[in-house]
Amino acid sequence: MYDGIVQELIDELGRLPGVGPKSAQRIAFHIIQTESFDVSRLSRVLAEVRDRVRFCEICGNVGEQERCIICRDPRRVPTTICVVEEPKDVVAIERTREFRGLYHVLGGALNPMQGIGPDQLRISQLLRRLQDGTVQEIIIATDPNVEGEATATYLIRTLAPLGITVSRLASGLPVGGDLEFADEMTLGRAFEGRRQVTS
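Note that the structure is a prediction, hence the values are computed from the model and not measured.

Draft legend 1. Region of interest: the packing of aromatic side chains. The final tally for this structure, using the stated rule, is two aromatic pairs. With a centroid separation of 5.2 Å and an interplanar angle of 70°, the aromatic rings of F99 and Y103 are classed as edge-to-face. Residue class for Y103 comes out buried when judged on its relative accessible area of 1%. Three or more aromatic residues joined by ring pairs form one cluster here, namely F99, Y103 and F191.

Draft legend 2. The arrangement of the pairing of strand 3 (residues 77-84) in detail. Across five bridges, strand 3 lies against strand 4 (residues 101-105) in parallel orientation. By the bridge assignment, V77 is partnered in strand 4 with G101. With helix 5 (residues 87-94) bridging strand 3 and the parallel strand 4, this β-α-β connection has right-handed handedness. Here strand 3 pairs with strand 5 (residues 137-140) via four bridges, running parallel. Bridge assignment links I81 to a residue of strand 5, and that residue is I138.

Criteria and thresholds
- Residues numbered from 1 in each chain as written.
- Predicted model: local features only at pLDDT ≥ 70, side-chain atom pairs only at ≥ 80, totals over all residues.
- Heavy atoms only, no water.
- Phe/Tyr/Trp six-rings, centres within 6.5 Å; stacked < 30°, edge-to-face > 60°.
- Buried < 20%, exposed > 50% of the residue type's maximum accessible area, 1.4 Å probe, protein only.
- Pairing = 2+ DSSP bridges.
- Helix = DSSP H or I, 4+ residues; strand = E, 2+ residues; numbered from the N terminus.
- Right-handed = clockwise from strand over helix to strand, strands pointing away.

Structural data, given as structure tokens:
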């Protein structure tokens, strides 16, 4: 639609998740038309993110060190682990200020149609974290959609023989929604009203 490099920019922006053709076009023209927009800074930050950011060796969250800021925090309660799909879900839950335990990021949800089974998620790493007997409760906070529910059901069945309390976030989260879009009040109530689940 546009000539040369302008269309290339729109195409590249459109490849980002959640950015449709119209949004990509708006962003591209903002970059082009705003003289104060620092393209070199954006370029530098993008390059540094690729070089410096890594996944926490314990929980799978993102950070710049081998262990994320939450796993390094001695004030966190080590007896409770909240299992989430993605690092963005950690941020959503932290905003509620209701949870003081640790996290485990699965790196996605079960989705056989896309070839994502238990081996593609960080489930074996979670089971290793439970071996020393420190953890007393697992809170499953996967998204309330088909993939999230399938992942939760699989985890409940896998964790049941271990004798650890397993709970799931309570109602208040919309079915088909994502944790990152839930407001603090809704997520806070969901944590307060969580219930134990059995296989």
